[in-house]
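Reading the structure
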Amino acid sequence: MVLVSRQGGEDGSTDETAVDFRGNPVVDKFKTGGWLAAGLILGTELSERVCVMGISMNLVTYLVGDLHIPSAKSATIVTNFMGTLNLLGLLGGFLADAKLGRFLTVTISASITALGVILLTLATTIPSMRPPPCDDYRRLHHQCIEATGHQLILLYVALYTIALGGGGIKSNVSGFGSDQFDITDPKEEKAMIFFFNRFYFGISIGSLFAVIVLVYIQDNVGRGWGYGISAATMVIAVAVLLCGTRWYRYKKPRGSPLTVIWRVVLLAWKKRSQPHPAHPSLLNEYEKAGVSHTQRFKCLDKLIPIWSTCILFWTIYSQMTTFTVEQATFMNRKIGSFTVPPGSLSAFLIITILLFTSLNERVFIPLARKVTHTVQGITSLQRIGIGLTLSIVAMVVAAIIEKERRDMAVQSKTQISAFWLVPQFFLVGAGEAFAYVGQLEFFIREAPERMKSMSTGLFLSTISMGFFVSSLLVSLVDQVTKKNWLRSNLNKGKLNNFYWLLAVLGLVNFFVFLIFATRHQYKTQQLVKSADSDEKELNNMNNEVVV
């Protein structure tokens, strides 16, 4: 998103960069924006998170258990869905910046998401959309009939409709919320900081609700009921968003630098075989393309290497939504007489993220500031490095636990507790608390001011590519091992070997990251400032947050 300075004060006045729903400049800001408007907007992201988390964290059990799709293919379906959703955030950001504006983009995207969840509800409730039941797919998978192509059409249409809408919401809703506050007014500036804190807290609560309540309803009451509640939530969110039309502050679209970036990438590809010239003025021979080598796009020279080494973290993270959930179906999930749904175990992932996010800001960062005498305390690249390290350890732990689980199941016919999966959820969640903030901060701080919008899109694309790389790895491993490692019956497979492979790839990636990180020079080195200055610095960064 591109932030535009607004001149205003405590008298309620503001300048012409903010307009009301009729397109007129906002003269009296007390009649628009503020917490009422921001709260209505927050409901849209909360609903989107409820829908997406409720789907992604439990979809693999439906694909394997109800549609009898092989484990590897099911994991690929889930990761392709999540990868596409994050990738389409770029499209949503581009449309908002270039033509539609944030409000219209969020409204259309939320409506598309609601339609997608309604279609998903139909896809999982219409009997003809499922193959005949199979009592125990773990033992008799060869007798189960896999869902056919025509039975999957509606499912795919529903998932990618949700991805299209979710991408538009994800890339614009936090920016539209921040537009409701005037950063030149001290009172509204403080309110904005509080808004972003509540924004993250709110969507985290939505995620917990999804993986605990909705997943339970999906597994024990019916998929139709679970997805139906999600669809109703999204429809209500759209209605609430529209009800606030007259109270919002709007920013007119000012164009997107994405078109120029694509020209830069295209020209770089065309000239990839040419030697690097002695002077920057010789870098571009295509004057008709309207692109010259400037300091504005020189950031790509240092952003892309770090971008590439961040991808594997999200590849490892994606296993928490696929194979880790599937592991839980083969483990003892009972607490007394209550059986925990497999997808609900991912609540430990979300709780850990919240825990370490809080510890980072209240404990780790303040301590680091005293040592380093800088505002950041821990630099963005250091945060990324910690996240990558924790993800590697998580895969080592996951491999050890999976081998123990399989050995116990095969040799003694016993199921170990599903809570043995908590360590890998914990390690990946802690890693995300460091890596997510570190990556977002790096792309925002190191990009030129006029590329802030696309820098957040670049960050989202690392998440997207991580899920796509997971799909590619699963397909390659499945072919190379002749479906021996990743089987629907995990007791007959070797999932632990796949986890070891991810750990090794993660280690190699970490060393490559270290090479790039040690050579990187930050734009500025900020010394410790007063508490008020720290809050303002954090607020400026939060203005660009896309969750």
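In this report, we go over the structure that sits alongside the text.

Conventions used here
- Residues numbered from 1 in each chain as written.
- Predicted model: local features only at pLDDT ≥ 70, side-chain atom pairs only at ≥ 80, totals over all residues.
- Heavy atoms only, no water.
- Helix = DSSP H or I, 4+ residues; strand = E, 2+ residues; numbered from the N terminus.
- Expected span 1.5 Å × (residues − 1).
- Patch = residues over 30% accessible without salt bridge, like charges linked within 9 Å, V, L, I, M, F, W, Y side chains within 5 Å.
- Areas by Shrake-Rupley, 256 points an atom, 1.4 Å probe, with all protein chains shown as cover.
- Salt bridge = Lys/Arg side-chain N within 4 Å of Asp/Glu carboxyl O.
- 1 Å grid on protein atoms, 1.4 Å probe; cavity = no way out; pocket = protein on both sides within 12 Å on 5 of 7 lines; lining within 4 Å.
- Points joined across faces, edges and corners; volume = space filled by probe spheres on them.
- Nonpolar A, V, L, I, M, F, W, Y, C, P; charged D, E, K, R; others polar.

Turn by turn, an α-helix covers 3.6 residues, leaving residues three or four places apart pointing in a common direction. Its 30 residues place the ends of helix 3 (residues 71–100) 41 Å apart at the C-alpha level, agreeing with the 44 Å of an ideal helix rising 1.5 Å per residue. Trailing helix 3 by a residue or two, Gly101 shows a phi angle of about 85 degrees, which is positive.

A positive phi angle is found at Lys413, which is not glycine, with a value near 55 degrees. Tracing the chain through its elements places Lys413 in the loop between helix 13 (380–411) and helix 14 (422–446). At Lys482, a position not held by glycine, the phi torsion is positive, near 55 degrees. With respect to the helices and strands, the residue Lys482 is situated in the loop between helix 15 (452–480) and helix 16 (495–519).

Next up on the list: a nonpolar patch on the surface. Nonpolar side chains collect at one region of the surface, where Leu91, Leu95, Leu100, Leu104, Ile108 and Leu164 lie side by side and expose about 430 Å² of accessible area between them. The set of elements that each furnish at least two residues to the nonpolar patch consists of helix 3 and helix 4 (102–125). Tallying contributions element by element places helix 3 first for the nonpolar patch, with three residues. Relative to the elements of secondary structure, Leu164 occurs in helix 5 (residues 149–178).

Tallied over the full model, the rule gives five cavities of 30 Å³ or more. For the largest cavity, the calculated volume is near 410 Å³. Lining the largest cavity are 26 residues, and of these Arg49, Met53, Lys170, Tyr317 and Glu432 sit closest to its centre. Put simply, the parts of the chain that give the lining of the largest cavity at least two residues each are helix 1 (34–56), helix 3, helix 6 (186–220), helix 10 (300–318), helix 12 (347–372), helix 14 and helix 15. No other element matches helix 1, which puts five residues into the lining of the largest cavity. Residue composition of the lining of the largest cavity, by class: 17 nonpolar, five polar and four charged.

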